[in-house]
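# Structural overview for review
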Amino acid sequence: QQQVKQSPQSLIVQKGGISIINCAYENTAFDYFPWYQQFPGKGPALLIAIRPDVSEKKEGRFTISFNKSAKQFSLHIMDSQPGDSATYFCAASRGSTLGRLYFGRGTQLTVWP
Amino acid sequence: DTEVTQTPKHLVMGMTNKKSLKCEQHMGHRAMYWYKQKAKKPPELMFVYSYEKLSINESVPSRFSPECPNSSLLNLHLHALQPEDSALYLCASSPGLAPINEQFFGPGTRLTVL
């Protein structure tokens, strides 16, 4: 059973546009929500993360919005660039899971120049 | 040094071969992980080591055998693999097991089983 549901599966955005990727979860025990970025031929790398006690976190062009009551969180990429073209995974974890990350299925983002 | 290194980058092996994947980190991290990733899929956790002891085995077949000889090294021994085991094998490390500890991933070993 997929613990974290991610959409869309693929996303095509024009350079300068806003990319939005959505994730939803059921388990209210989750207390940490990271986003990973993966380029072809590379391992995933942490992009940005949020805890459920805040509703938004911004780092440069990347923003996580978190809606605890709806059990949803999303990644917004402002002023999307061709260099942002990658696969993005949302994930969730909780303290009792010994480092286990529950990943979404991933979103392949393509930014057209 | 904020890098996780993995060797080899590519590996082709037959179903009767024995091979090993290696992972190394020098960040002083005490947790290390093995993941398996199929094309266009998220990483799937296989094993977690904490302080050189196995913490999680996600019901991985015994043809995969992990080993953590010291706090910097993690090996994955492979024996009698099946073609469906072909995948990218990722190693990761983190300072500890608490969720807030970032997992640093290596570039992976691309494994092909013939």
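Refer to the preceding data block for the structure.
Before going into details, it helps to say that this report is about the structure given with it.

Here is what the cut-offs are and how they apply
Residues numbered from 1 in each chain as written. Chains lettered and ligands numbered in written order. Predicted model: local features only at pLDDT ≥ 70, side-chain atom pairs only at ≥ 80, totals over all residues. Heavy atoms only, no water. Pairing = 2+ DSSP bridges. Helix = DSSP H or I, 4+ residues; strand = E, 2+ residues; numbered from the N terminus. Axes fitted to C-alpha atoms, helices over the stretch in contact; angles between N-to-C directions. Disulfide = S-S within 2.5 Å. Buried < 20%, exposed > 50% of the residue type's maximum accessible area, 1.4 Å probe, protein only. Polar contact = N/O pair within 3.5 Å; in protein donor to acceptor, adjacent residues only side chain to side chain. Contact = heavy atoms within 4.5 Å.

Another aspect to go through is the sheet that holds strand S7 (residues 62-67) of chain A. Residues and elements named next belong to chain A. Strand order in this open sheet of 5 strands is S1-S3-S8-S7-S6, and the pairing throughout is antiparallel. Pairing within the sheet leaves two strands with one partner each, and these edge strands are strand S1 (4-7) and strand S6 (56-59). Strand after strand, the sheet turns through a mean of 15° between neighbouring axes, direction not considered. With 6 bridges connecting them, S7 and strand S8 (residues 72-77) associate as antiparallel partners. Bridge assignment links Thr 63 to a residue of S8, and that residue is His 76.

Residues and elements named next belong to chain A. What the rule picks out here adds up to 2 disulfides over all chains. The residue that forms a disulfide with Cys 23 is Cys 90, at a sulfur-sulfur distance of 1.9 Å. When the S-S torsion is -100°, as for the bridge of Cys 23 with Cys 90, the disulfide is left-handed. Remark: Cys 90 occurs in strand S9 (residues 86-92) and Cys 23 occurs in strand S3 (residues 19-25); sequence separation between them is 67 residues. Comparing Cys 23 with Cys 90, the two get one shared label, buried.

The next subject is the side chain of Asp85(B). All names here are of chain B. Considering the arrangement of structural elements, one finds Asp 85 in the loop between strand S8 (73-79) and strand S9 (87-94). With relative accessibility at 2%, the residue Asp 85 sits in the buried group. A polar side-chain atom of Asp 85 sits 2.7 Å from the main-chain amide nitrogen of Gln 82. Residues contacting Asp 85, with those up to four places away along its chain left out, are Lys 36, Arg 63, Phe 64, Leu 111 and Val 113.

On to the sheet that holds S8(B). Residue and element names in this part refer to chain B. Ordered in space as S1-S3-S8-S7, the 4 strands form an open sheet in which the pairing is antiparallel. Sheet topology places strand S1 (4-7) and strand S7 (64-70) at the edges, where each strand pairs with a single neighbour. Taking each pair of neighbouring strands and ignoring which way they run, the sheet shows an average axis angle of 20°. Pairing analysis gives 7 bridges linking strand S3 (residues 18-25) to S8, with the strands arranged antiparallel. Bridging across to S8, Ser 20 finds its partner in His 77.

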